[in-house]
Each structure stands twice: as structure tokens, then as C-alpha cells.
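A closer look at the structure
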Amino acid sequence: MTALQNIIKEAKSLKKNFPKRFKKWTDYVKQASAIYASKHKGKSPVGKKKVVKKKVVKKKVVKKKVTIKKVAKKRISKKPSEKVILKKVHAAKTTSKNLYNKLDKLDEAQHAHMSKKIGNLKDITINHFQMITRKIEMNDHYIATIQKLLKEKKYTPLQKNSFKKSMKEYQAYNKELKIQKAELKKLL
């Protein structure tokens, strides 16, 4: 039996005995390879790094009839040259003129749009101010009803505590609304 056959056999037995130990078959093979290596003094055919061979280019010389071997190397990309950078800059300048014209048109459209919104802003703040005053009135009404409920004796202390909590929440909310109302009065 070859080494690979032994490793595959070991991997199959590992998978049979421990089906949930690894998710992938390759993990079982790696484990089996480690077991094989421990039995054979650290020598395992699986997991060795492959040696990358260099490309050899042959060049023939006619006069001497001797072959010279050259090792081809991959070129590492360098920083772009000045010509390439200048071409990119010139291309950007020509496109920027077109973009500049488009941006001018967009800018004018935006100013027109914003001027319409500013006119509507005062109406929006008045509506918001009215809504806040209605909320304050409603909260005052809720607080008054809760105070009446607290005076009655038919409720348990637990219920009265929950009434007190809700009353405190309404009062805190009222404070916030009054601050907002004061800020909106400054705008109007």
C-alpha cells in the first residue's frame, strides 16, 4: 500500500469514527497525514510545498553554436511615469470643463429649489407650534385626571404607584414640549 492509500484509509476511518469533528474532507486528510507522519518519522507526502520552476528561455547563437540560457523574470510594476500622469491630468481637465458646466446648472436648480422651501418654512413652523400647544393641553388634561384618580380610595397602592409614574412621565414630556414651544416662538 502506498503512502497516499494509507492516508486515505486513515481519513475514511476518522470520518467514520468522528463524523462531526471536521466540516471538510480535506481536514480529515490533513489529520490522517499528521498521523501517518508521526508513524513514519515525520515524513508525509501530503502537505509538502511544490517547488515552482522558473521559465527558461533558450537563445541560439549561429556563429559559435552555443546555447545560452536566460531566466525570464516577471516585471514588477513601477510607479507611473510622468507622461502617464500628464495624460491623465489633461484628460481630467477636458472632462472637468464639461462637468463644471453641469455643476453650474445643478447649483442654479438647487438655489431655486431652496428658495421655494424657505417660503414654506414659516408655514411649517406655525403648524408645528400649533401641534405642540395641543400636545401640552392634552398632557395637562391627562395629569389632572391622574391627580383625581390618586385622590380616590378605591385603587390599590400598586395601581397608585403606576399612576404616579405615568404622571411623572407626562410632566417630563410637558417640560420638553414647553422648551420646544419657546424655541419656535423665537423663530416666529
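An account of the accompanying structure is given in this report. (Residues numbered from 1 in each chain as written. Predicted model: local features only at pLDDT ≥ 70, side-chain atom pairs only at ≥ 80, totals over all residues. Heavy atoms only, no water.)

Here's the deal with the pattern of salt bridges
For clarity, the cut-off: Definition used for salt bridges: Asp or Glu carboxyl oxygen within 4 Å of a side-chain nitrogen of Lys or Arg. The classification of residues rests on relative accessible area computed with a 1.4 Å probe and restricted to protein chains. Under 20% of the type maximum is buried, over 50% is exposed, and intermediate values are partly exposed. Runs of E in the DSSP output that reach at least two residues are strands. Runs of H or I that reach at least four are helices, and both are numbered from the N terminus.
Scanning all chains against the criterion turns up 2 salt bridges. A salt bridge links K154 to E152; its shortest N-O distance comes to 3.9 Å. Assessed through its relative accessible area of 32%, E152 is described here as partly exposed. The shortest N-O distance in the salt bridge between K186 and E183 comes to 3.7 Å. Here E183 and K186 lie together in helix α4 (residues 157-187), a separation of 3 residues that amounts to about one turn. A residue is classified by how much of its surface remains accessible, and K186, at 66% relative accessible area, is exposed. Residue E183 is classed as partly exposed on the basis of its relative accessible area of 44%.

Concerning helix α1 (residues 3-17)
Heads up, the condition is: A helix's residues, less one, multiplied by 1.5 Å, set its expected span. What the arc covers is the set of directions going from the helix axis to the C-beta atoms. Working rule for contacts: check all heavy atoms of both residues, and any pair within 4.5 Å makes them a contact.
For α1, spanning 15 residues, the distance from its first C-alpha to its last is 21 Å, which sits close to the expected 21 Å at 1.5 Å a residue. Residues A3, I7, A11 and L14 constitute the buried set of α1. End-on, the buried residues of α1 take up no more than an arc of 70°, which puts them together on one face. Exposed and oriented more than 90 degrees from the buried face of α1 are K9, K12 and K16. Tucked into the core, α1 has its buried residues touching α2 (25-39).

Any link to function would need more than the numbers given here.
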